[in-house]
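Remarks on the overall topology
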Amino acid sequence: MTTPATPGPGRPTENSMRRALKRARDGVALDASEAAVLLQARGEDLTDLAASAARVRDAGLEQAGRPGVITYSKSVFIPLTRLCRDKCHYCTFVTVPGKLRRAGHGMFMSPDEVLDIARKGAALGCKEALITLGDKPEDRWPEAREWLDAHGYDDTIAYVRAISVRILEETGLLPHLNPGVMSWTDFQRLKPVAPSMGMMLETTATRLWSEPGGPHHGSPDKEPAVRLRVLEDAGRSSVPFTSGLLIGIGETYEERAESLFALRKVSRAYHGIQELIIQNFRSKPDTAMRGMPDAELDELVATIAVARHIMGPAACLQAPPNLVEGEYERLIGAGIDDWGGVSPLTIDHVNPERPWPQIEELAERSRAAGFELRERLCVYPEFVRRGEPWLDPRLRPHVAALADPETGLARPDALPAGLPWQEPEDTFTPTGRTDLHRTIDTEGRTSDRRDDYDEVYGDWDALREAAAPGMAPQRIDTDVREALRTAAEDPTRLTDAEALALFHADGPALDALCRIADDVRRSVVGDEVTYIVTRNINFTNVCYTGCRFCAFAQRRTDADAYTLSLSQVADRAQQAWDVGAVEVCMQGGIHPDLPGTAYFDIAKAVKERVPGMHVHAFSPMEVVNGATRTGMSIREWLTAAKEAGLDTIPGTAAEILDDEVRWILTKGKLPTATWIEVVKTAHELGIRSSSTMMYGHVDQPRHWLGHLRTLAGIQRETGGFTEFVTLPFIHTNAPVYLAGIARPGPTTRDNRAVTAMARLLLHPWIPNIQTSWVKLGTEGAAEMLRSGANDLGGTLMEETISRMAGSSYGSYKSVRDLVAVAEAAGRPAKPRTTLYGEVPDERRQAAADSDGHLPELLPVLD
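Analysis parameters
Residues numbered from 1 in each chain as written. Predicted model: local features only at pLDDT ≥ 70, side-chain atom pairs only at ≥ 80, totals over all residues. Heavy atoms only, no water. Helix = DSSP H or I, 4+ residues; strand = E, 2+ residues; numbered from the N terminus. Salt bridge = Lys/Arg side-chain N within 4 Å of Asp/Glu carboxyl O. Buried < 20%, exposed > 50% of the residue type's maximum accessible area, 1.4 Å probe, protein only. Pairing = 2+ DSSP bridges. Right-handed = clockwise from strand over helix to strand, strands pointing away. Axes fitted to C-alpha atoms, helices over the stretch in contact; angles between N-to-C directions. Contact = heavy atoms within 4.5 Å. Nonpolar A, V, L, I, M, F, W, Y, C, P; charged D, E, K, R; others polar. pLDDT = per-residue confidence, 0-100. Core = buried A, V, L, I, M, F, W, Y, C linked by side-chain atoms within 4.5 Å. Phe/Tyr/Trp six-rings, centres within 6.5 Å; stacked < 30°, edge-to-face > 60°. Lys NZ or Arg CZ within 6 Å of the ring centre and 35° of its normal.

1. Looking at the environment of L796
In this structure, L796 sits in the loop between β19 (791-794) and α33 (801-805). Placed 574 residues apart in sequence, L796 and K222 show a C-alpha to C-alpha distance of 50 Å.

2. A short note on the pattern of salt bridges
A full pass over the atoms with the stated rule returns 61 salt bridges. Residues R330 and D298 are paired through a salt bridge, measuring 2.9 Å at the closest nitrogen-oxygen approach. In this pair, R330 is assigned in helix α13 (residues 328-334) and D298 in helix α12 (residues 297-311), connecting sequence segments 32 residues apart. Given a relative accessible area of 31%, R330 falls into the partly exposed group. Residue classification places D298 among the partly exposed residues on the basis of a relative accessible area of 23%. Between R609 and D571 there is a salt bridge, with its nearest N and O atoms 2.9 Å apart. Here R609 is found in helix α24 (residues 598-609), whereas its partner D571 is found in helix α23 (residues 566-578), with 38 residues between them in sequence. Accessibility expressed as a relative area gives 34% for D571, which makes it partly exposed.

3. Comments concerning the pairing of strand β6 (residues 273-280)
Counting buried positions over the 8 residues of β6 gives 8, a clear majority of the element. Pairing between strand β5 (residues 241-247) and β6: 7 bridges, direction parallel. Each residue of the ladder has a partner; that of L246, found in β6, is Q279. Crossover β5 to β6 through helix α11 (residues 253-270) is right-handed. Direction of pairing for β6 relative to strand β7 (residues 317-318): parallel, over a ladder of 2 bridges. Residue pairing for β7: I277 is matched across the bridge by Q318. For the crossover from β6 across α12 to β7, the handedness is right-handed.

4. Points about the packing of helix α32 (residues 773-785) against helix α34 (residues 815-824)
Two numbers describe how α32 lies on α34: the axes approach to 7 Å, and their chain directions differ by 35 degrees. Judged by residue contacts, W773, T778, A781, A782 and L785 of α32 engage L818, V821, A822 and A824 from α34. A class-by-class count of the residues in the contact of α32 with α34 yields 8 nonpolar, 1 polar and no charged.

5. Description of the sheet that holds strand β12 (residues 534-538)
In a beta sheet, neighbouring strands pair by backbone hydrogen bonds and run either parallel or antiparallel. Reading across from one edge, β12-β14-β15 is the order of the 3 strands in this open sheet, with parallel pairing throughout. Of all strands in the sheet, those bounded by a partner on one side alone are β12 and β15 (614-617). Strand-to-strand, the axes of this sheet are offset by a mean angle of 25 degrees, without reference to chain direction. Note that strand β14 (residues 583-587) and β15 share 4 bridges and pair parallel. Each residue of the ladder has a partner; that of E583, found in β15, is H614. Packed onto the sheet, α23 meets β12 and β14 and runs at close to 170 degrees relative to β12.

6. Observations concerning the pairing of strand β3 (residues 174-178)
Of all 5 residues in β3, 5 are buried; the element is thus mostly enclosed. Residues L174, H176 and N178 of β3 are buried on one face, and the alternating residues P175 and L177, pointing to the opposite face, are buried as well. Here β3 pairs with strand β4 (residues 196-198) via 2 bridges, running parallel. In the strand pairing of β4, L177 is matched with M197. The β-α-β motif built from β3, the intervening helix α8 (residues 184-190) and the parallel element β4 has right-handed crossover chirality.

7. Some details on the confidence of the model for the chain
Averaged over every residue, the pLDDT of the chain is 90; the share at 70 or more is 90%. In this model, residues 1-9 is a region of pLDDT below 50 whose contacts with residues beyond four sequence positions or in other chains number 22 contacts. pLDDT under 50 marks residues 801-810. Its contacts with residues more than four places away, or in other chains, come to 40 contacts.

8. Comments concerning the nonpolar core
In globular proteins that are soluble, nonpolar side chains generally tend to be buried together. If you look at the biggest cluster of nonpolar residues, it comprises 126 residues, and the most contacted ones within it are M586 and W675. Discounting residues that sit within four places of it in the chain, M586 has contacts with I537, F539, V569, I602, V606, V615, H616, A617 and F618. In this structure, V76, A129, W339 and L362 belong to the second largest nonpolar core, which totals 124 residues.

9. Focus: the packing of aromatic side chains
Counted by the stated rule, this structure contains 17 aromatic pairs. Seen in terms of ring centroids, F539 and Y599 are 6.3 Å apart; in terms of plane orientation they differ by 75 degrees. Their pairing is edge-to-face. Of this pair, F539 sits in the loop between β12 and β13 (562-563) while Y599 sits in helix α24; the two residues are 60 residues apart in sequence, bridging distant segments of the chain. Across the pair, exposure class does not vary: F539 and Y599 are buried alike. Ring plane angle 70 degrees and centroid distance 6.4 Å describe the contact between F618 and W637, whose orientation is recorded as edge-to-face. On the criterion of sequence distance, the pair formed by F618 in the loop between β15 and α25 (620-630) and W637 in helix α26 (residues 634-644) is long-range, its members being 19 residues apart. Of the two residues, F618 and W637, neither departs from the other in class, the shared state being buried. Three or more aromatic residues joined by ring pairs form one cluster here, namely F539, Y599, F600, F618 and W637. Over the aromatic face of F383 sits the side chain of R386, whose NZ or CZ is 4.2 Å from the ring centroid.

Here's what the structure looks like:
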């Protein structure tokens, strides 16, 4: 239970309170123990604490350009469903199917019911549709599953997305979504239809969830670690997100302080928490916690003040005005700057016994405390002004119709009106530096980093802190000689401990490892070194995902940004065919203007121009982007892509299949589980893929081992991988290296060990191991051919991703060049198709006739 608020055992000493208050007054950063002390401030101490918190708030408002302003959102509350799979012991919002039926209600509100409320709200000048619902009701209630099936929705999130589009198009209100715990993929599905979302953290006190009798016991979605992951995924997805605490549910002051620091950590890491709600517990009849005392007003005031000190001047803090019996001035005095959503139409369905205050009364009471009440949108003004990547292009017209472009607040005279929700027009207009694939080798980059380097990747200091534990090497005690013996006898019997020992091998042991790997290679695929005549087509480098290793991605306004038209993509494919190519490999940035169907158009454009060309395209990240933008499942989207001409997909976007490393390398890229889902689904549909690993940054050999074990497991299940490609990290222009976090790429020892171990750990499941000449150069690639690799990849013809990162090995290798690399390793060379089949004689002859003499559009090497 919460420590009593009256003097006695457990109360802080006068000295500790005096010391903590002084630190707060002086603006010194508080630690968790000092915050726990200040949470217990009462009387004059609380007055002192609130005054210093208010000064912090005032400084933030001054800096934000709205001094003396307190905000609110004029909203309607839409309880989309009151069914939930959780069993929170204080909740009256949630009900059961039988009660809904007896009251004459459906399991979900119908579209007509939702739109009726939204239209009435729009007529009253409301601008926010607050959509609140229980967590994943279909997982607990068959009636919910039946309703969704009957209405054509795969899950609750699909209905939330569909109804949000209708609200936007038919009423002009902006949806703010509270569907509970969401996955990374859920955020991708909902971001295009809602400017903001939210979920209360409530508390990080795990015992309140895990112990019988706790308020969250029996509620899978209330596990603190799960809810913190949601907050992080929102930040990674660049979703303006509302969160907060529910105080007085049994947590201690120390646990409450820890919860605030957890929120601050997420906020600093991703800059995506738009507001924090500090909500006081109010007991309700007919709940398990009906006998629990309400959180007192002093508790709330102290928590708001401490939250203000911890979160800082830039944070937006809200306290619901309908839960404090009219004590508005005390909340303002403690440091809030927002009243949250207030509705002139609907009740607070979570606290139905407590009506909203009249907006006129709220304005008057705010004015009495020295503040002007101003209306905001559901998405906070800072994010309105930031624009991309925080606002999806399909929402920009809807937000712009209601927002003051100068302040980002709501326009007082704006009345919502439905607008089409549609993809941006002219998405394939050629723009920017479309010759970058050629001029990167001659003129180079305009600068070594994009203009929004300090914002797009998150907080570098927080990242350094997160990266440090993962970069610490492990002590290896396993006997390398024994491990080498196992590898030589039967590599499939290598234990994890033996494999780690071999990953660390050096000197004579590394030489022995590479000989063993090369012997395995010879026994499996022979001595021929394969290569493919292919062309890379990177159709755009505009991307806001925020991958910290990527120097290719640009903002649309950056000097090096470009987007190709469909005809330019087709031209490149035709030219590649003319010089003997059998494949085009097409990948691009996650351009916010490209619709999810753009990938189909790209594949069709190539197949229509060159029907015989193999289309190897679209990384798992692009697949997820396409699926979530269209509202299709991954399986449906891949099926449609295959029908449009997609033959295979590259297994890129894998980096390291360990989220410990991924969330340092990438801000917003798909998590490991989703990458695996995409690849497995593709294989099940007959769409084969390559597999890759990028290494030598913030990773360690234990991560390489886990990655390769994961790939071997997938291959045993699906058999869909064509090869494994080693991708050494190119550090020169990589943001994570420029920030001083990543290593400067792998060493030669690392490259040899990874190539050899890939051969051994993937044996016999993935027979083809490819090395990257564009990243390692001729000599490096030849060395990898002596360490277990059997494939050199492609001629490429153009390559911008590695070159933008700082690779110095060019963008094109002729067939003669690739044959020379194989000969340097003492081996013959042979062309192949994407699926490692025989190349038709006509294609061989076309490649031979034009080898080294390419059309003007390509980088010519004579």
